[in-house]
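# A closer look at the structure
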Amino acid sequence: MRRREFIALVGSAAVARPLAVRAQQPTMPVIGYLRSDSPDASPKLRLEFIKGLNETGYVDGRNVAIEYRWAEGQYDRLP
């Protein structure tokens, strides 16, 4: 094998390897937490929700992502 062919082969393998590894990572599931009130109205409910997820093996940021949304009494914001 010639020197140029060898360098081209090694270079292409070095570029393709990180792309293949990155493509195989699983996506993290996202849970939507939607409330019609404000974040300050029911902090205990949110903590209990997180506690329940933890008891079933889900930890926010590690194996699940939680998206919080509050309508703050403006029901047209719910959709």
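Summary of the structure given here. (Residues numbered from 1 in each chain as written. Predicted model: local features only at pLDDT ≥ 70, side-chain atom pairs only at ≥ 80, totals over all residues. Heavy atoms only, no water.)

For the protein, the helix and strand inventory stands at 2 helices and 2 strands. The helix and strand sequence of the protein, counted from the amino end, reads α-β-α-β. In the protein, which comprises 79 residues, the share counted as buried stands at 11%. By sequence separation, contacts in the protein at least 24 residues apart represent 67% of the contacts at least 6 residues apart. Counting every atom, the protein has about 6,700 Å² of accessible surface; 56% of that belongs to carbon and sulfur. (Helix = DSSP H or I, 4+ residues; strand = E, 2+ residues; numbered from the N terminus. Buried < 20%, exposed > 50% of the residue type's maximum accessible area, 1.4 Å probe, protein only. Contact = heavy atoms within 4.5 Å. Areas by Shrake-Rupley, 256 points an atom, 1.4 Å probe, with all protein chains shown as cover.)

Counted according to the given criterion, the structure contains 4 aromatic pairs. Residues Tyr68 and Trp70 carry aromatic rings whose centres are separated by 5.6 Å and whose planes lie at 5° to one another, so their mutual orientation is stacked. Its relative accessible area of 18% is what places Trp70 among the buried residues. By the ring-pair criterion, three or more aromatic residues cluster together here, those being Tyr33, Phe49, Tyr68 and Trp70. (Phe/Tyr/Trp six-rings, centres within 6.5 Å; stacked < 30°, edge-to-face > 60°.)

Quick look at the side chain of Ser42 now. Position of Ser42 among the secondary structure elements: in the loop between strand 1 (30-35) and helix 2 (43-55). At 3.4 Å, the side chain of Ser42 forms a polar contact with the side chain of Arg35. Not counting the four nearest positions on each side in its chain, Ser42 is found in contact with Arg35 and Asp37. (Polar contact = N/O pair within 3.5 Å; in protein donor to acceptor, adjacent residues only side chain to side chain.)

Attention now moves to the pattern of salt bridges. Scanning the entire structure with this criterion turns up 3 salt bridges. The shortest N-O distance in the salt bridge between Arg69 and Glu67 comes to 3.1 Å. The residue Glu72 makes a salt bridge to Arg77 at a minimum N-O spacing of 3.8 Å. Relative accessible area serves as the criterion here: at 45%, Glu72 is assigned to the partly exposed category. (Salt bridge = Lys/Arg side-chain N within 4 Å of Asp/Glu carboxyl O.)

When the terminal C-alpha atoms of helix 2 are compared, their 18 Å separation across 13 residues agrees well with the 18 Å that a helix rising 1.5 Å per residue should span. Positioned one or two residues after helix 2, Gly57 has a phi angle of 100°, which is positive. (Expected span 1.5 Å × (residues − 1).)

Glancing now at the environment of Gly32. By secondary structure assignment, the location of Gly32 is in strand 1. For the pair formed by Gly32 and Tyr68, sequence separation is 36 residues and the distance between their alpha carbons is 6.2 Å.

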